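Spelled out, the chains give:
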Amino acid sequence: MSKNLIVLFVLLAIVSCKKETPKNTEATTEVSEDYDPIAFGREIFETKGNCASCHKPDQKVIGPSIMDIAKIYKEQNGDIVAFLKGKAEPIVDPSQYEVMKTNFAITKSMTDEQLKALEAYFYSHLKK
Ligand code: HEC
């Protein structure tokens, strides 16, 4: 009987060890599933991108508010990523385009992932 118990324990140990391996792979996938483009976009917007010095969530300062931009881009089916790459015409306030254009040096050096995160951050203001 005690021999059987030992065998059982050994078997349990092997089984539980085997389960560890897929768990690790799951953990890595979970990290990428946890990726939050809106939070990432917000961080770029406020730090590296310096966008916050001209754009506020709901009021116009030097540039139009994030809400206004998101609304107009949604209505007109615009492409924020293309605009930030300098590949699309301004549709929000073309008369002030020259001011915004000075930022393309920064945005053109960003990866697609960073630009898409910025776009997600802009659109996150529509739900409010
Ligand atoms: C020096 C001030 C300034 C900074 C910094 C700035 N913007 Fe702007 N932005 C403007 C102004 C002014 C406009 C209005 C002109 C226009 O619509 O192109 C504008 C317009 C925009 C638009 C609408 C473009 C359109 O179609 O008309 C987007 C999108 C935008 N900004 C995103 C950003 C992002 C993202 C950043 C940070 C990487 C940023 N801006 C930083 C001043 C600024």
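The protein chain has the name Cytochrome C552 in an unreviewed UniProt entry, where Flavobacterium kingsejongi is given as its organism.

Concerning the overall build of the protein chain
What the protein chain contains, in helices and strands, is seven helices and zero strands. Reading the secondary structure of the protein chain in the N-to-C direction produces α-α-α-α-α-α-α. For the protein chain, restricting intrachain contacts to residue pairs at least 6 apart in sequence, the fraction spanning at least 24 positions comes to 54%. Working note: accessible area of the protein chain is about 9000 Å², and carbon and sulfur atoms make up 59% of it.

Quick notes on the site of the ligand
Around the ligand, the surrounding shell holds 25 residues, and the nearest of these are Cys 51, Cys 54, His 55, Tyr 73 and Met 100. One of the side-chain N or O atoms of His 55 is found 2.8 Å from a nitrogen atom in the ligand. In the environment of the ligand, an oxygen atom lies 3.0 Å from a nitrogen or oxygen atom belonging to the backbone of Asp 93. Put simply, the parts of the chain that give the shell around the ligand at least two residues each are α3 (66-75), α4 (80-84), α5 (97-101) and α7 (112-123). In terms of residue class, the shell around the ligand is built from 16 nonpolar, eight polar and one charged.

Overview of the packing of aromatic side chains
Within the structure shown, the criterion is met by six aromatic pairs. Between Phe 45 and Tyr 121, the aromatic rings sit 5.2 Å apart at their centres with planes inclined by 55 degrees, giving tilted as the arrangement. Residue Phe 45 is found in helix α2 (residues 37-46), and its partner Tyr 121 is found in helix α7; the two are separated by 76 residues along the sequence. We classify Tyr 121 as buried; its relative accessible area is 7%. Ring pairing ties together the aromatic residues Phe 45, Tyr 121 and Phe 122, which thus form one cluster.

Regarding the nonpolar core
Membership of the largest hydrophobic core comes to 20 residues, with the highest contact counts inside it found for Phe 45, Phe 83, Leu 84, Leu 115, Leu 118 and Phe 122. Looking at this core, the elements that each hand over two or more residues are α2, α3, α4, α5 and α7. Counting residues per element, this core draws most heavily on α7, which supplies five residues.

As for a nonpolar patch on the surface
A contiguous nonpolar patch, built from Val 61, Ile 62 and Val 99 and spanning about 240 Å² of accessible area, is present on the exposed surface. Within the element layout of this structure, Val 61 appears in the loop between α2 and α3. For Val 61, a relative accessible area of 37% gives the class partly exposed.

So, the side chain of Thr 107
Tracing the backbone through its elements, the reader meets Thr 107 in helix α6 (residues 104-107). With relative accessibility at 5%, the residue Thr 107 sits in the buried group. Setting aside chain neighbours within four positions, we find Thr 107 in contact with Leu 84 and Leu 115.

Reading the values: the criteria
- Residues numbered from 1 in each chain as written.
- Predicted model: local features only at pLDDT ≥ 70, side-chain atom pairs only at ≥ 80, totals over all residues.
- Heavy atoms only, no water.
- Helix = DSSP H or I, 4+ residues; strand = E, 2+ residues; numbered from the N terminus.
- Contact = heavy atoms within 4.5 Å.
- Areas by Shrake-Rupley, 256 points an atom, 1.4 Å probe, with all protein chains shown as cover.
- Near = heavy atom within 4 Å.
- Polar contact = N/O pair within 3.5 Å; in protein donor to acceptor, adjacent residues only side chain to side chain.
- Nonpolar A, V, L, I, M, F, W, Y, C, P; charged D, E, K, R; others polar.
- Phe/Tyr/Trp six-rings, centres within 6.5 Å; stacked < 30°, edge-to-face > 60°.
- Buried < 20%, exposed > 50% of the residue type's maximum accessible area, 1.4 Å probe, protein only.
- Core = buried A, V, L, I, M, F, W, Y, C linked by side-chain atoms within 4.5 Å.
- Patch = residues over 30% accessible without salt bridge, like charges linked within 9 Å, V, L, I, M, F, W, Y side chains within 5 Å.
- Salt bridge = Lys/Arg side-chain N within 4 Å of Asp/Glu carboxyl O.

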